[in-house]
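Residues per chain are reported as follows:
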Amino acid sequence: DTGVSQDPRHKITKRGQNVTFRCDPISEHNRLYWYRQTLGQGPEFLTYFQNEAQLEKSRLLSDRFSAERPKGSFSTLEIQRTEQGDSAMYLCASSLDRDEQFFGPGTRLTVL
Amino acid sequence: GNSVTQMEGPVTLSEEAFLTINCTYTATGYPSLFWYVQYPGEGLQLLLKATKADDKGSNKGFEATYRKETTSFHLEKGSVQVSDSAVYFCALREGNKLVFGAGTILRVKS
């Protein structure tokens, strides 16, 4: 399978804990995106990387959120001190330059 | 900022019925427009796209025409199947990111 993969698919955590998600893009894609989707809404942009450089961040990305793409391949999204409002589906997508964005299956986060 | 508005769902149709899902957008300039589909338990998939005014995107029997006069990109299919049941998202490109509508649930009954 050469699509975008995300791990874990589901994460349940208690409020105040830290969580980290991983995204593996399509191998030849140089751009990687993170989106968040809450129930009944469309995905909302969080941040994007071109190779290892984080070039754009949304205002939605509070200082509790940090994303990295250290070698320009996989990416991690960490949420510190989780809050119930962080419960959502976190989607990763990748693209070759400005071509079509291919989405992964998402990581569903539940904060209790 | 730019935004996308879709008709609220769920939309429930019988098999072989005609489908229209309305999508309008607010944007500066003429952004590329997209329809994505999310089948149950799966990730978002690009269904079709149009990059300039009057372009028609089409795929799997679905069509949408980029109308700059009405700032619309309505999705249509002449004869839906049960397998088309999914959530459909209209989106536009704003710089390097996609801006999505809230999604429209389609349920097709046999």
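Above this note sits the structure.
Analysis parameters
- Residues numbered from 1 in each chain as written.
- Chains lettered and ligands numbered in written order.
- Predicted model: local features only at pLDDT ≥ 70, side-chain atom pairs only at ≥ 80, totals over all residues.
- Heavy atoms only, no water.
- Contact = heavy atoms within 4.5 Å.
- Buried area = accessible area lost by both parts, 1.4 Å probe.
- Salt bridge = Lys/Arg side-chain N within 4 Å of Asp/Glu carboxyl O.
- Helix = DSSP H or I, 4+ residues; strand = E, 2+ residues; numbered from the N terminus.
- Pairing = 2+ DSSP bridges.
- Axes fitted to C-alpha atoms, helices over the stretch in contact; angles between N-to-C directions.
- Phe/Tyr/Trp six-rings, centres within 6.5 Å; stacked < 30°, edge-to-face > 60°.
- Lys NZ or Arg CZ within 6 Å of the ring centre and 35° of its normal.

Asks: Lay out the interface of chain A and chain B in plain terms, naming residues and giving numbers.
Replies: Facing the 20 residues of chain A at the interface are 15 residues of chain B. Interface of chain A and chain B: buried area, both sides summed, is about 1500 Å²; carbon and sulfur atoms make up 48% of it. In this structure, Glu56(A) and Lys97(B) form a salt bridge, with 3.5 Å as the shortest nitrogen-oxygen distance. Residue assignment for the side of chain A that touches chain B shows that the elements contributing at least two residues are strand 4 (31-37) and strand 5 (44-50) of chain A.

Asks: Residues and numbers for the sheet that holds strand 8 (residues 62-65) of chain B, please.
Replies: Strand-to-strand pairing in sheets goes through backbone hydrogen bonds, with the strands running parallel or antiparallel. Residue and element names in this part refer to chain B. Taken in spatial order, the four strands of this open sheet run 3-9-8-7, and their pairing is antiparallel. Sheet topology places strand 3 (19-21) and strand 7 (56-59) at the edges, where each strand pairs with a single neighbour. Along the sheet, successive strands turn relative to each other by an average axial angle of 15 degrees, direction set aside.

Asks: Which residues make up the packing of aromatic side chains, and what values go with them?
Replies: Geometrically, a pair of aromatic rings is defined through the distance of the ring centres and the angle of the planes. Scanning the entire structure with this criterion turns up 13 aromatic pairs over all chains. Between Phe21(A) and Tyr90(A), the ring centres sit 5.4 Å apart and the planes meet at 40 degrees, which makes this aromatic pair tilted. With Phe21(A) in strand 3 (residues 19-24) and Tyr90(A) in strand 9 (residues 88-95), this pair connects stretches of sequence that are 69 residues apart. With a centroid separation of 6.1 Å and an interplanar angle of 75 degrees, the aromatic rings of Phe103(A) and Phe100(B) are classed as edge-to-face. Residue Phe103(A) is located in strand 10 (residues 102-103), and its partner Phe100(B) is located in strand 11 (residues 97-100); the two belong to separate chains. Connected via pairs of aromatic rings, a cluster forms that spans Tyr33(A), Tyr35(A), Phe45(A), Tyr48(A), Phe103(A), Phe34(B), Tyr36(B), Phe89(B) and Phe100(B). Over the ring of Phe74(A) we find Arg22(A), and its NZ or CZ is 3.9 Å from the ring centre.

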